[in-house]
Each structure stands twice: as C-alpha cells, then as structure tokens.
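Working through the structure, step by step
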Amino acid sequence: MLTLLVIIIILGLAFDLINGFHDAANSIATVVSTKVLTPFQAVVWAAVFNFVAFWIFDLKVANTVAKTVHSDSINLYVIFAGLIAAISWNLLTWWFGIPSSSSHTLIGGFAGAAVAHAGSFDVINQKVIFDTVIFIVLAPFIGMFIAFIITVLIVNLCRKANPYHADKWFRRMQLVSSAAFSLGHGGSDSQKVIGIITAAMVVFGAWMTQHGLPIPAWAHIQQVVDAHGKTTFGHVPQWIPITCYICIALGTMMGGWRIVKTMGTKITKVTPLEGVAAETAGAVTLYGVSQGLGIPVSTTHTIAGSIMGVGMTKRLSAVRWGISINLLWAWILTIPVSGLLAAIVYFILKLINPVN
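Residues numbered from 1 in each chain as written. Predicted model: local features only at pLDDT ≥ 70, side-chain atom pairs only at ≥ 80, totals over all residues. Heavy atoms only, no water.

Another point: the side chain of N50. Here N50 lies in helix 3 (residues 39-52). Using a relative accessible area of 0% as the deciding quantity, one classes N50 as buried. Apart from residues no more than four positions distant in its own chain, N50 is found in contact with S182, H185, G186, Y245, I248, A249 and T252. (Helix = DSSP H or I, 4+ residues; strand = E, 2+ residues; numbered from the N terminus. Buried < 20%, exposed > 50% of the residue type's maximum accessible area, 1.4 Å probe, protein only. Contact = heavy atoms within 4.5 Å.)

Turning our eyes to something else, we now look at the packing of aromatic side chains. Within the structure shown, the criterion is met by nine aromatic pairs. Ring geometry for F54 versus Y245: centroids 5.6 Å apart, planes at 75°, classification edge-to-face. Residue F54 is located in the loop between helix 3 and helix 4 (60-66), and its partner Y245 is located in helix 9 (residues 239-253); the two are separated by 191 residues in the primary sequence. Residue classification places F54 among the buried residues on the basis of a relative accessible area of 15%. Measuring from centroid to centroid gives 6.4 Å for Y346 and F347, while their planes differ by 70°, and the two rings are edge-to-face. What makes Y346 buried here is its relative accessible area of 1%. Three or more aromatic residues joined by ring pairs form one cluster here, namely F51, F54, W55 and Y245. (Phe/Tyr/Trp six-rings, centres within 6.5 Å; stacked < 30°, edge-to-face > 60°.)

The next subject is the confidence of the model for the chain. Averaged over every residue, the pLDDT of the chain is 84; residues scoring 70 or more account for 88%. The weakest mean pLDDT in the chain belongs to helix 10 (residues 257-266) at 49; the strongest belongs to helix 9 at 92. (pLDDT = per-residue confidence, 0-100.)

Cross-referencing UniProt, the feature "transmembrane region" (unreviewed entry) maps to residues 43-62, 74-96, 133-158, 193-210, 239-260 and 327-349 in the present numbering. Here residues 43-62 runs as 65% helix and 0% strand, with 25 Å between its end C-alpha atoms. From the first C-alpha to the last, residues 133-158 spans 38 Å; its make-up is 96% helix and 0% strand. (UniProt positions renumbered as here; feature names shortened; annotations may be inferred.)

Between the first and last C-alpha of helix 12 (residues 299-312) there are 20 Å, a value that for 14 residues agrees with the 20 Å anticipated at 1.5 Å per step. Along helix 12, 13 of the 14 residues are buried, which leaves the element largely enclosed by surrounding structure. (Expected span 1.5 Å × (residues − 1).)

This next bit is on the nonpolar core. Ranked by size, the top nonpolar core spans 62 residues in total, and within it I8, L76, I79, L83, I197, M201 and I240 carry the most contacts. Looking at this core element by element, the count peaks at eleven residues for helix 8 (residues 163-210). Dropping the residues within four chain positions of it, M201 is found in contact with L5, I9, W218, A219, I221, W239 and I240. Residues A147, I154, F181 and L273 belong to the second largest nonpolar core, which totals 21 residues. (Core = buried A, V, L, I, M, F, W, Y, C linked by side-chain atoms within 4.5 Å.)

We now examine the pattern of salt bridges. With the rule as written, the count across this model stands at three salt bridges. Linking D131 and K127 is a salt bridge whose minimum nitrogen-to-oxygen distance equals 2.7 Å. Placement of both D131 and K127 in helix 7 (residues 126-157) is noted, with a separation of four residues, approximately one turn of the helix. Where D167 meets R171, a salt bridge forms, and the shortest distance between an N and an O atom there is 3.0 Å. Taken together, the residues span about one helical turn, with D167 and R171 both in helix 8 at a distance of four residues. A relative accessible area of 32% means that D167 is categorised as partly exposed. Residue classification places R171 among the partly exposed residues on the basis of a relative accessible area of 29%. (Salt bridge = Lys/Arg side-chain N within 4 Å of Asp/Glu carboxyl O.)

It is worth spelling out a nonpolar patch on the surface at this point. Residues F145, F148, I149, V152, L153 and L157 make up a contiguous nonpolar surface patch of roughly 580 Å² in combined accessible area. Counting through the fold element by element, F145 comes out in helix 7. For F145, a relative accessible area of 56% gives the class exposed. (Patch = residues over 30% accessible without salt bridge, like charges linked within 9 Å, V, L, I, M, F, W, Y side chains within 5 Å. Areas by Shrake-Rupley, 256 points an atom, 1.4 Å probe, with all protein chains shown as cover.)

Bringing the side chain of T334 into the picture now. By the secondary structure assignment, T334 is in helix 13 (residues 321-352). With near-sequence residues (within four places) excluded, T334 lies in contact with W89, S100, S101, H104 and T105.

Shown next as structure tokens:
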C-alpha cells in the first residue's frame, strides 16, 4: 500500500509538472506575442509568480477536487487510474497544440475511475461536477465580458494620449497583469493536485488505522467539519502544497511552445494594451471563481475567453472564430474522454490485480 501511495504522489507531481508546461501558454502567450518579454524571460517571470501563489491562496479548490466523488468510492487504484488518464490526455492535447483544461482533465479522470470501481454514476458528487461543467461555459464568457469592458474603458480614457508614450506604459503594465494572471494560475491549478494527493493520504490513513498501524506524521491529514456540516481539510502537511507549487513553477519554466502559438496569435492579434486587458480580466475571473466560490475553473478557458473579448472590441471578424470553435470542442470533450480513459485504465488494473 505504501509503494502504491508513493507512486501516486510521484504521478501527481508529474501531472503538476506537465500542467505547468501545458498551461504555460496561458500565462505567457500575450506577453510573448506583444514582445514585451522574450520567451525565456516570460517563463521565468510566470514561474516565479506561480510559486509565490503558495503564500496567497488557501485550499478551497483542493477541498472541492478531493470531493469530486464520494469518499467511500475512493481507493488508491481509483486515484492511480485517474492520474494516468489525466496525464495521457494532457500530453496528447499538448502534442497537437490544443489548449485544453488540465483541471477538467484531472476531475474527469478521477470521476471516471470511481464510476468504473463502483459500477454506478451515483458515486459522483453531482454538485461538484455540475458547478465545474457550468463554469466550462461561464468562465470564458466572464473573461470575455470583463476583457471587453476593460479594453473599451482604456481606449476611451487614453484616446488623447501620445501613442508612443501610451504603448511604453502599457508594456510596463503588462508585466504587472501577466504576474497577476500567473499568480492565479499557480494558486488555482496547483490546488487540484494538492486535493488529489491529500485524498490519497486520507485513503492511506484509513487503511493504516483499519490495520491497527500508526499513521506517520508526514501522511497525517486532519479533517474538520465546517459550520455547514461539510468535511474539509483542517491540516495538510506543508510538504504537499510546497512540492506542488514547486512542480507547477518548474513545469512553466519548461514552456509549452506549441500552445503559445495558438493562444498568442491564432485567436486574434494582441497589442500591449489588449494584453493588459486580457490578463487582468483573466486574473479577476480566476480569483473570483477559484477563491471566492472554491470552484475549479480552467485558466485555459479563462484566458482564451479574455483574448476573444479584447479582439471583439475591434470587430467581431478580428477573432478567428473557427479556431475558437475547435477549442470549444476540446473543452467539451475533456471531462468525458478523460473519464473514459480512466475507466479503461482501472479495468486493466482490475484484470492485473482483481483485489483492489
């Protein structure tokens, strides 16, 4: 059991690393396409703020992800199968340069493996899945709306400004907006893996207790009941969030150049002014949904919608809607495909080891 737990932790951190370079484009695409920073400078800048998020974000999203399925339907094999499926889908979409959601990949994999284990869809926490699916639709539109409003406001406020001086200031401001979005990216996406690893720790702790064995301090998870009667993580060993934040930052530094091209140039052309508007809108959406509501929202969907929003301020035809429709299909398919992959992996594990 300990060996499987260690493998799951390694896979979880590997997923976090892949999440970093898969989603690096979210943080750096606009700042690279406007040539405010070189690609190398941009990934270092984004990685630093990915890690700084450790001191800013709490574990609201981690709690939500861990409760994607009912606890009595979770075992280490379910978590293992979910991670394998999530990693596979992430690598596949990265290879083809499709900016799909790492968050939804993980949730879909977790849910699919649990359904395969229980043989029923009743094990899924319907509220978590419903809220997540709703924000697959809402997040891009929220980002789009906020970006549109910010762009219109900036254009009107600066219409008499010297174009050269205005461009210079917006290039500086884009450093701030990209840092803010990278904070949101790190704080939001790292928590998904924190939630999965913590869920694995809870399962391991229950197994240790069942067999009359002491739970080691590094694996002890304290659970508390909040004012609404919901069980949440009261204490998580610090090594879990620290390693998760380190891994997503390192992954971001590895880049993700295939997706940068799609996000930075294929949706619409972006100027420094529009980059500031898109990144600010994305950051506001991430903070509001992830921290305010505790709902796992996709940084990919958010920034893509924000980029579309700034493009719409010029004219609707400025946005390449064909590319956007392709992205939408990837977003719709992510959860069901990840769930199916996880179920297949779980059934293979069941054949290899019938007792799980």
